[in-house]
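# Inside the fold
Take a look at the letters that make up each chain.
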Amino acid sequence: MFTGYIRDWAQPILTSSATFPKLFVHFVAFDTDAIVSSQDIEKARLVWPREIEGSIRARQTEFFYGRLAAQRALTCLESDSSDQSVRYGASGEPLWPEGLMGSISHVDGLACAVAIFTSYFLRS
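So, a few notes on the structure that sits alongside this text. From a predicted model like this one, the values you see are computed outputs, not experimental measurements.

### Looking at the packing of aromatic side chains
- In total, this model carries seven aromatic pairs according to the counting rule given.
- Seen from their ring centres, W48 and F63 are 5.5 Å apart, and the 80 degrees between their planes marks the pair as edge-to-face. Note that W48 is positioned in the loop between α1 (38–44) and α2 (50–53) and F63 in helix α3 (residues 57–77), a separation of 15 residues in sequence.
- One aromatic cluster is present, formed by F2, F30, W48, F63, F64, Y65 and Y88 through successive ring pairs.
- The aromatic ring of W9 is capped on one face by R7, whose charged end is 4.1 Å from the ring centroid.
- Over the aromatic face of F2 sits the side chain of K43, whose NZ or CZ is 5.7 Å from the ring centroid.

Structure (structure tokens):
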């Protein structure tokens, strides 16, 4: 699949509120020594900023697999948005597609992400 990819899976988050839909945390396990190739980036269709391109290998690997987890989280939402990519903000923050928000984390060969529609927070 991708250089260094081990496996991925989704874990449901149980909520005590009926306000929220079923949420899933998407995990991706990866080899921390992997070198992300340009073919991996192209195959995953990820946005690859210049700031990451010039960073150390470990940062590139964490970024790649974190964004891959985010991409999987967005796919699960079945959003009407044609843009299913998480962009890179001026301060390095993830910029989620319009109408969506989420979070990305990674540590020691494990990346995870969760995404949700912002409309769930605007309900009265």
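Structure's up, so let's keep going.
### Details of the side chain of S85
- Secondary-structure assignment places S85 in the loop between α3 and β3 (87–88).
- Discounting residues that sit within four places of it in the chain, S85 has contacts with V47, L74, L95 and P97.

### Here we look at the sheet that holds strand β5 (residues 100–107)
- Strand order across the open sheet formed by four strands is β1-β2-β6-β5, with antiparallel pairing between neighbours. Pairing within the sheet leaves two strands with one partner each, and these edge strands are β1 (5–13) and β5. Ignoring strand direction, the axes of neighbouring strands in this sheet form an average angle of 15 degrees.
- Strands β1, β2 (23–30), β5 and β6 (110–117) of the sheet are contacted by α3, whose axis makes an angle of about 35 degrees with β6.

Cut-offs and rules
- Residues numbered from 1 in each chain as written.
- Predicted model: local features only at pLDDT ≥ 70, side-chain atom pairs only at ≥ 80, totals over all residues.
- Heavy atoms only, no water.
- Phe/Tyr/Trp six-rings, centres within 6.5 Å; stacked < 30°, edge-to-face > 60°.
- Helix = DSSP H or I, 4+ residues; strand = E, 2+ residues; numbered from the N terminus.
- Lys NZ or Arg CZ within 6 Å of the ring centre and 35° of its normal.
- Contact = heavy atoms within 4.5 Å.
- Pairing = 2+ DSSP bridges.
- Axes fitted to C-alpha atoms, helices over the stretch in contact; angles between N-to-C directions.

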